[in-house]
Amino acid sequence: MGSVNSQQKASSAKRSRHSDSYRYQYVVGEDSVIKQLNNGSHEHTYKSVDDYDMESLDSDDVKVLHLSAVPYYVADPQIVGSYYCGGRFSKCSLGTIIFESLVITSLIIALAFAHVKVEACPKEEYSHAEDVLKPLTCTENICMEAVGDILSKMNTSVDPCEDFYTYACGNFVDKQFLSPSQSTVSSMSALSDANLQVVYMGLVDKNRTKLFGKESTALRKARKLHELCMDMKTLQLQGAAPLVKAMETFGSWPVSQEEFNASSWNFSDQLLKLHAHSFTPLLSFVVYSDEKNSSAYSIYFGQSGLTLQSEKSYNITLDPKRNSALRKAVIDYGVAVGSILGVSENVTRTVMEEIYDFEAKLAAINVPIEYLRNPTLCYHKVSVGEVQKIFNSTLDLLPFLHAMMNRTDLTANTTLITCSKPYVDNLKPILDEYLQGDKQRILNNYLVWKLVDYSVDHLGADFQFSKLILKEVSQGVNNLGERWKDCTDAVGGKMDRVTGALFVEGRFGTDERNAVLKMLSQVKDTLTDNFPGYKWMDKKTTEAAIEKAKAVLLQAGFPDYITDAKEVDDHYKDLESFDTYFDFLLHYNRWYRLFNSAKLDKQPDRKEWQMSASIVNAYYSSWTYGGMGAVIGHELIHGFDDQGSQYDLHGNLNNWWTNDSVKAFREASQCIVNQYSNYKMGGTPVNGQLTLGENLADNGGLSIAYKAYLQSVEDNNIKPMMLPGLDFTDRQLFFLSFAQVWCQRATPEHAQSSLYYDPHSPPKYRVQGTFSNSREFAQAFQCKAGSSYNPHYKCKVW
Ligand SMILES: [Zn+2]
């Protein structure tokens, strides 16, 4: 589901700017992250982080060296064709998530019982002391529905101690309908779809002109954009015309040897035009809050995305069968697009082969994802002048930046922050090679391919179908997605404040918000209380950790500004409406680039929300600690995972650990790395390093949520709530509920691809990995020591 939206500003009057009560920002919403990942590609390396010369770094700079990747959150999904964060996943994730306030911006909670409403099962009063130990059974309708939902996912013929994932999700995995246009379907996706429907209904309601009772011009623009997107008939009739017109500005594609005129081609002009419209071939630039100074903005730059999701995919020898098939698919896809444009197959095939080979060279020099994940190691300041020296005469950086960002005040001394300096160093000789003779034509074709590849999704059905050639091989998808979903997503990705408002109005009430906040606060308290119990952490670090946890502001639901129609309108005031979809999109891309660039003159707003409220969803009921509680715990633990632990309570990249505690943390984390590296999917091992942050969060989240649950039962003196017809104790339900959050059916292609780029472990191992480390799970299900889910050796960090 949906868009991850940046640039939203909360304006909660309740929070003071100077208060320490909000420091970190957390984003809950796993599937939206995955969606964004699909746009770009960053993990390629076989070079482990350990190969980097960490010892040479200032010891103050190195807090935690266990790296992995949580490209968990992407700053600017609008920047097409690549990540805005310049391959700096750590920037994408933590810059976004943690740099400022710890705000639970958005909760996509995939509860096993998504439709259970707030306070679903009313707490009953107990007057008889003798009843105290007798559990209660909830017989409300919603509890009955929850039972149906839980049972429908399970395969009870499996031994829960040997394969709890299949026990909890087996029926879902086997029987859930996966349409030809889907690569996965999960507990979460059903919830996302329901949210999307609410937004869709708001966008297509012709009589609707108001947001929260006030006329809204932004709503009109969003509705127009949506209408143009939905009008497949017109898109089909327009055919290639919008793309052909765009090529007048951005350059032709595909250009054969006979057609190319080197004397009329200018590399930097073409690059500039594309970047100014948020197409980011070769490099990416984004204005983002400085990770070591969360009160200022800086320009981040680095490597950009590729056509395939993972750099690894360009390495044929790594996985010859799969990667050769992907190579062929990229080329065939381009050939199909060429044929719609009326170009002969021979010409396009040659051009696509050249493009692929060029991209493979870029893939080979991409800085590895494991490295990008470490915000401290990634924080390199360079001046424009220094980068200019690297590029020399190849690219005149200052005028380029000025034109792209529509400003004139940058100088050779202007600071850039990058994680990808080795990439830039290595890019220069490649560019020089391709700025000679006929290779210039290949470079032209590659640059414009970024536009073409982007356009395909936004033109008529012929174009969209051509991309299925690639999607089938990479994701196992062989049909177009449902248009209403694609268009609602597309509008949400661009005008998130409008879709967020539509969602809040249509769905998210204060009851839900309060219920979530209540649980957030319980889980947070449990985490804070827990710190002194971590024996590997010394006193000084423990105290600092408690301070950091206390500084977490618990916020859930939606930013208040979203309910202010005027503020929403003002935000989009310079975004114009157009009569054709493609023109609207191109204008939007330019608008967005300028919007982002203008931030350089501002101060980061700590209240800025990074995710649209329309992807918010949270439900609460007394036994949902295993679902929502654990997801909340997961997000809180991210503040103390391998990345989050590098940020202080002010959200700045700054060490607050003693050396001894860092060492102990590394050792404890290594246990998790080793554990998950032993899990395999179709013969391919899980990347324990890549998934470390998520695994830490899963394990810690489960453990904290379980404690919070026990605590809440004790504090409130409530009886355990049972579900009718289910022979489970409340504690068993807790674990069942956690496992069912991760029920997922996926195409084999998707499951395979994810291993290369997804920072989350495969769902099966999210369950097995966490439960194997949980004595409480083994107890609840009375698993014999040594069974698959109760191994003798257990890892424990948080
Ligand atoms: Zn996570």
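Now for a look at the structure at hand.

What counts as what
- Residues numbered from 1 in each chain as written.
- Predicted model: local features only at pLDDT ≥ 70, side-chain atom pairs only at ≥ 80, totals over all residues.
- Heavy atoms only, no water.
- Helix = DSSP H or I, 4+ residues; strand = E, 2+ residues; numbered from the N terminus.
- Buried < 20%, exposed > 50% of the residue type's maximum accessible area, 1.4 Å probe, protein only.
- Contact = heavy atoms within 4.5 Å.
- Areas by Shrake-Rupley, 256 points an atom, 1.4 Å probe, with all protein chains shown as cover.
- Expected span 1.5 Å × (residues − 1).
- Donors = N, O, S within 2.8 Å, 3.2 Å for Na, K, Ca; no water.
- Tetrahedral: all angles 85-135°; square planar, octahedral: opposite > 155°, others 65-115°.
- Phe/Tyr/Trp six-rings, centres within 6.5 Å; stacked < 30°, edge-to-face > 60°.
- Lys NZ or Arg CZ within 6 Å of the ring centre and 35° of its normal.
- Disulfide = S-S within 2.5 Å.
- Pairing = 2+ DSSP bridges.
- Axes fitted to C-alpha atoms, helices over the stretch in contact; angles between N-to-C directions.
- Core = buried A, V, L, I, M, F, W, Y, C linked by side-chain atoms within 4.5 Å.
- Salt bridge = Lys/Arg side-chain N within 4 Å of Asp/Glu carboxyl O.
- Left-handed = near helix turned anticlockwise from the far one by under 90°.
- Nonpolar A, V, L, I, M, F, W, Y, C, P; charged D, E, K, R; others polar.

## Brief notes about the overall build of the protein chain
The number of helices and strands found in the protein chain is 31 helices and 14 strands. Looking at the protein chain as a whole, 65% of its 798 residues qualify as buried. Within the protein chain, residue pairs in contact and separated by at least 24 positions form 82% of the contacts whose partners lie at least 6 positions apart. Here the protein chain has roughly 28300 Å² of accessible surface; of this, 49% comes from carbon and sulfur atoms.

## Focus: helix H5 (residues 187–204)
Here H5 contains 18 residues, and its C-alpha end-to-end distance of 27 Å stays within 8% of the 26 Å for a straight helix at 1.5 Å per residue. Buried residues of H5: Ser 187, Met 188, Ser 189, Leu 191, Ser 192, Asp 193, Asn 195, Leu 196, Val 198, Val 199, Gly 202 and Leu 203, and no others.

## Digging into the coordination of the zinc ion
All of the protein donors around the zinc ion are His 634 (NE2), His 638 (NE2), Glu 694 (OE) and Glu 694 (OE); their distances to the metal are 2.0 to 2.7 Å. Metal-centred angles of 54 to 142 degrees between the 4 donor atoms at the zinc ion mark the site as irregular. Every donor residue of the zinc ion comes from the same chain, spaced as H-x3-H-x55-E. Residue His 638 is located in helix H25 (residues 628–638), and its partner Glu 694 is located in helix H27 (residues 692–716); the two are separated by 56 residues in the primary sequence. Owing to a relative accessible area of 0%, Glu 694 belongs among the buried residues under this scheme.

## Re the packing of aromatic side chains
Under the defined criterion, the tally for this structure stands at 54 aromatic pairs. Centroid distance Phe 771 to Tyr 789: 6.4 Å. Interplanar angle 70 degrees. Geometry classified as edge-to-face. Taken together, the positions of Phe 771 in helix H30 (residues 763–772) and Tyr 789 in the segment after helix H31 (775–780) put the pair 18 residues apart, joining distant regions of the chain. By relative accessible area, Phe 771 is classed as buried at 0%. Taking the ring centre of Tyr 588 as reference, the NZ or CZ of Lys 494 above it sits at 5.6 Å. Across the ring face of Trp 742, the terminal group of Arg 766 is positioned such that the distance to the ring centre comes to 3.7 Å.

## Overview of the state of the cysteines
Tallying each qualifying case throughout the model produces 5 disulfides. Cys 229 shares a disulfide with Cys 487; S-S distance 2.1 Å. A torsion of -80 degrees about the S-S bond marks the disulfide between Cys 229 and Cys 487 as left-handed. With a gap of 258 residues between them, Cys 229 in helix H6 (residues 217–230) and Cys 487 in helix H19 (residues 483–494) connect regions that are remote in the sequence. Cys 229 gets classed as buried once you look at its relative accessible area, which sits at 2%. Its relative accessible area of 0% is what places Cys 487 among the buried residues.

## Description of the sheet that holds strand E8 (residues 380–383)
The sheet built from 4 strands is open, its strands ordered E6-E7-E9-E8 with mixed pairing. The open sheet has two edge strands, strand E6 (283–290) and E8, and neither has a second partner. Shown here is a sheet whose adjacent strand axes are inclined to one another by a mean of 40 degrees, direction ignored. Direction of pairing for E8 relative to strand E9 (residues 415–418): antiparallel, over a ladder of 4 bridges. By the bridge assignment, His 380 is partnered in E9 with Thr 418.

## As for the nonpolar core
Of all hydrophobic cores here, the largest spans 109 residues; its most connected members are Trp 253, Leu 282 and Leu 283. Sorting elements by how many residues they give to this core places helix H17 (residues 439–456) first, with 10 residues. Membership of the second largest hydrophobic core comes to 83 residues, among which are Tyr 167, Tyr 676, Tyr 679 and Met 721.

## Focus: H19
Compared with the 16 Å implied by 1.5 Å per residue over 12 residues, the 17 Å span of H19 between its first and last C-alpha is a close match. Among the 12 residues in H19, 11 count as buried, and that is most of the element. Along H19, the residues classified as buried are Arg 483, Trp 484, Lys 485, Cys 487, Thr 488, Asp 489, Ala 490, Val 491, Gly 492, Gly 493 and Lys 494.

## Examining the pairing of E6
Counting buried positions along E6 gives 8 out of 8 residues, so the element sits mostly inside the fold. The sheet contact formed by E6 and strand E7 (residues 293–303) spans 8 bridges and is antiparallel. Counted as the bridge partner of Leu 283 is Gln 303 from E7. Hairpin connection, E6 to E7: the antiparallel pair is bridged by 2 residues.

## Notes on the environment of Phe 640
Mapped onto the secondary structure, Phe 640 falls in the loop between H25 and helix H26 (659–677). With relative accessibility at 2%, the residue Phe 640 sits in the buried group. Residues Phe 640 and Trp 798, 158 residues apart in the sequence, show an inter-C-alpha distance of 8.6 Å.

## Topic: the pattern of salt bridges
Oppositely charged side chains can pair when the atoms bearing their charge come close. Inspection of every chain in the model, using the stated rule, returns 27 salt bridges. Here Lys 539 makes a salt bridge to Glu 543, at a shortest N to O gap of 3.3 Å. With a gap of 4 residues between them, Lys 539 and Glu 543 both fall in helix H22 (residues 539–550), about one helical turn apart. The exposure class of Lys 539 is exposed, given its relative accessible area of 65%.

## Here we look at the packing of H6 against H19
Relative to each other, H6 and H19 sit at 145 degrees, their axes nearing to 9 Å. Here H6 runs over H19; the crossing is right-handed. Where H6 approaches H19, its residues Ala 222, Leu 225, His 226, Cys 229 and Met 230 are matched on the opposing element by Arg 483, Trp 484, Cys 487, Thr 488, Val 491 and Lys 494. Of the residues in the contact of H6 with H19, the class split is 7 nonpolar, 2 polar and 2 charged.

## Observations concerning unusual backbone geometry
Negative phi characterises most residues that are not glycine, and trans characterises most peptide bonds. The omega angle of the peptide bond from Trp 253 to Pro 254 is -15 degrees, so this bond is cis rather than trans. The residue Pro 254 is located in the loop between helix H8 (241–250) and helix H9 (267–276) in this model. Phi angles above zero are rare outside glycine, and Phe 212 is one such case at about 50 degrees. Structurally, the position occupied by Phe 212 is in the loop between strand E4 (210–211) and strand E5 (214–215). One non-glycine residue, Ser 278, lies in positive phi territory at about 70 degrees. Looking at the element boundaries, Ser 278 is found in the loop between H9 and E6. Given a relative accessible area of 0%, Ser 278 falls into the buried group.

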